[in-house]
Amino acid sequence: MQKNRTVMHYQHEHLENSPEFVGLSVNQGTANAPVINPYLKRTGKKSLLSVAQYVDGIFRGDISVLGQAVTLIESSLSIHQEIAQSILEKCLPHAGNSIRLGITGVPGAGKSTFIEALGMYLVRQKSKKLAVLAIDPSSERTKGSILGDKTRMEELSAVQNAFIRPSPSAGSLGGVAQKTRETIVICEAAGFDTIIIETVGVGQSETAVHSMVDFFLLIQLAGTGDELQGIKRGIMEMADGIVINKADGGNIEKSRVAQSLFKNALHLFPQAESQWTAEVLLASAKDKTGIEQTWDMVERYIDFVHTNGYFMHKRNEQAKYWMYETIDRQIKNKFYNNQQIKDLLKQTENQVLAQKISSFAGAQKLLDKYFENI
Ligand code: GDP
């Protein structure tokens, strides 16, 4: 009885302290320390600045603030997006004064080696401020983001006037591309006069890059005579210039053959809207040959399109494209994230599959449902 009472007595405290459990005792503990240091938020590096502080840092060309602002652009948190949009608004009037160069080519073509060589030339010989951005919507899946590997562009990353940023990894191609497009704006506001956008040449990302650059450069390799195979005609058509990379050592002769093949192929395309005839150059990113010529080609192109008015025409077309692209994407996102639509979607899909209603009637039903509520 007594024993029971003792147990009862301890029931609401520590059962282990009951005389039954000889040799065990639990002391009165101390309160848990707070997991989060309350001062961290105010003093920590990651804390948010005010919009004015970000903008001021960007205008001063402060790379650390610029990097933090890019992180906000890339974030999907609505609080971050709100700040990012305010920063962008303030930066827009100070953007636009750069040469935007898109570089594409299949993995292994030597893009990052080439960008490093070109970048070092631009920063050292031409006193440029260079930002290197990337679009690789696959980077989240592969975890092997292009530019994400720290060993790439090692020399360039250590240079003061170069800002290198890997591809935003979250989301659809449209979402990733929009973040890069916005990053261009704040890089320009930070005084970067040359922006390189790298893409992996394996998907749709070339079109997205083409829609945000002034000059589109395709990096190719000399091969076994079938160089033109495997390159989508559309990508060749988009190119303002082609560089046959790795034209070094025993590869020089083959590269010359590839050069004339590409030149001939380009002749078959209709004249570009810019009136510019794409050039085909040889280069070796490893030996740093053809780098100066590549930049000379870009500068000649920019002069050419400034003179004939195409430069501004293209920039305006791109601005329009991004407006409509953003509207399309946001409407689509809102539609698919709408709870009523989510509930109805599978059911409608099944009706279509069971041939109870047509695809069009199914789509119409869902669209009507969505639009009747807004
Ligand atoms: P990316 O996947 O297109 O970015 O290609 P990388 O720049 O990573 O280069 C792929 C491989 O080609 C690496 O092993 C480079 O060292 C090599 N490479 C790049 N450029 C040249 C070049 O001009 N000549 C030679 N011989 N090799 C090169």
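Here is a short report on the structure shown in this document. (Residues numbered from 1 in each chain as written. Predicted model: local features only at pLDDT ≥ 70, side-chain atom pairs only at ≥ 80, totals over all residues. Heavy atoms only, no water.)

### Some thoughts on the sheet that holds strand β1 (residues 99-104)
In a beta sheet, neighbouring strands are held together by backbone hydrogen bonds and run either parallel or antiparallel to one another.
Argument step 1. Strands sit in the order β3-β2-β4-β1-β5-β6-β7 across an open sheet of seven strands; the sheet is parallel. Unpaired on one side and paired on the other, β3 (162-164) and β7 (279-282) mark the two borders of the sheet. Averaged over all pairs of adjacent strands, the angle between strand axes in this sheet comes to 20°, irrespective of strand direction.
Argument step 2. Here six bridges tie strand β2 (residues 130-135) to strand β4 (residues 194-199), and the two strands are oriented parallel to one another. Counted as the bridge partner of V132 is I196 from β4.
Argument step 3. Along the sheet face, helix α12 (residues 252-267) touches β5 (215-221), β6 (241-245) and β7 and points at about 175° away from the line of β7. (Pairing = 2+ DSSP bridges. Helix = DSSP H or I, 4+ residues; strand = E, 2+ residues; numbered from the N terminus. Axes fitted to C-alpha atoms, helices over the stretch in contact; angles between N-to-C directions. Contact = heavy atoms within 4.5 Å.)

### So, the site of the ligand
Argument step 1. Within the structure, the ligand sits among 15 residues, and K111, T113, R152, D248 and A285 are positioned closest to it.
Argument step 2. Between an oxygen atom of the ligand and a side-chain N or O atom of T113, the distance comes to 2.5 Å.
Argument step 3. N245 is positioned with one of its side-chain polar atoms (N or O) 3.2 Å from an oxygen atom of the ligand.
Argument step 4. Compared with its free state, where it exposes 580 Å², the ligand has 69% of that area covered by protein.
Argument step 5. When residues of the shell around the ligand are assigned to their parent elements, the largest contribution, three residues, is made by helix α6 (residues 111-124).
Argument step 6. Considering only residue class, the shell around the ligand consists of four nonpolar, six polar and five charged. (Near = heavy atom within 4 Å. Polar contact = N/O pair within 3.5 Å; in protein donor to acceptor, adjacent residues only side chain to side chain. Areas by Shrake-Rupley, 256 points an atom, 1.4 Å probe, with all protein chains shown as cover. Nonpolar A, V, L, I, M, F, W, Y, C, P; charged D, E, K, R; others polar.)

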